[in-house]
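One letter stands for each residue in the lines below.
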Amino acid sequence: LQLAESGGGSVQPGGSLRLSCVASGDIESVLEMGWYRKPPGRLRELVAEFRQGQSANYANFVEGRFTISRDIEKNTVYLQLSNLKPEDTAVYYCRQIVKIANSGRNRDFWGRGTQVTVSS
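The following paragraphs examine the structure supplied in this document. Please read these numbers as outputs of a predicted model, since none were measured by experiment.

Calculation notes
- Residues numbered from 1 in each chain as written.
- Predicted model: local features only at pLDDT ≥ 70, side-chain atom pairs only at ≥ 80, totals over all residues.
- Heavy atoms only, no water.
- Pairing = 2+ DSSP bridges.
- Helix = DSSP H or I, 4+ residues; strand = E, 2+ residues; numbered from the N terminus.
- Axes fitted to C-alpha atoms, helices over the stretch in contact; angles between N-to-C directions.
- Buried < 20%, exposed > 50% of the residue type's maximum accessible area, 1.4 Å probe, protein only.
- Salt bridge = Lys/Arg side-chain N within 4 Å of Asp/Glu carboxyl O.

## A short note on the sheet that holds strand S1 (residues 2–6)
With respect to topology, four strands assemble into an open sheet ordered S1-S3-S8-S7, the strand pairing being antiparallel. Each of the sheet's edge strands pairs with one partner strand only, and the pair in question is S1 and strand S7 (66–71). Averaged over neighbouring strand pairs, the angle between their axes works out to 15° when direction is ignored. As paired strands, S7 and strand S8 (residues 76–81) are joined by six bridges and run antiparallel to one another. Of the residues in S8, the one forming a bridge with Ile68 is Leu79.

Okay, structure coming up:
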């Protein structure tokens, strides 16, 4: 069972990126999906998430600039980053809580992270 992230990179202020995260392995279902980030010198923080049975939830700093979406059939979650600011520079991590097939157990997975750098 693993998460694979992609889509990070370097952009100028005001630019956009789209992050993707796909879970693979013996997965019966994905219960929760989300994105976190760790800015340099700071603690990891929530960016956006889908909690079970709820609509998307965003951190206050998003201010309508980011959009989380998902393709449940593909076990994939996306994060569209728009109007990026230098303070959005961070390593972005995907998180998925999944129900493991044929086990009755849930497991909390984190990706390795993808770097987003916003600089002029």
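## Quick look at the pairing of strand S11 (residues 114–118)
On a regular strand, each side chain points to the face opposite its neighbour's, so the side chains alternate between the two faces of the sheet. Residue alternation in S11 divides its side chains into a buried set, Thr114, Val116 and Val118, and an unburied set, Gln115 and Thr117. Direction of pairing for strand S9 (residues 90–100) relative to S11: antiparallel, over a ladder of three bridges. Looking at S11, one finds that Ala90 is bridged to Val116.

## What about the pattern of salt bridges?
Counted under the stated rule, the structure contains eight salt bridges. Across the salt bridge formed by Arg37 and Asp88, the nearest N and O atoms sit 2.9 Å from each other. Here Asp88 lies in the loop between S8 and S9 and Arg37 lies in strand S4 (residues 27–38), a separation of 51 residues in the sequence. You can call Arg37 buried: its relative accessible area is 3%. Here Asp88 falls in the buried class, since its relative accessible area comes to 1%. In this structure, the salt-bridge partner of Glu63 is Lys85, at a minimum N-O distance of 3.2 Å. Placement of the pair is Glu63 in the loop between strand S6 (56–58) and S7 and Lys85 in the loop between S8 and S9, with a sequence separation of 22 residues.

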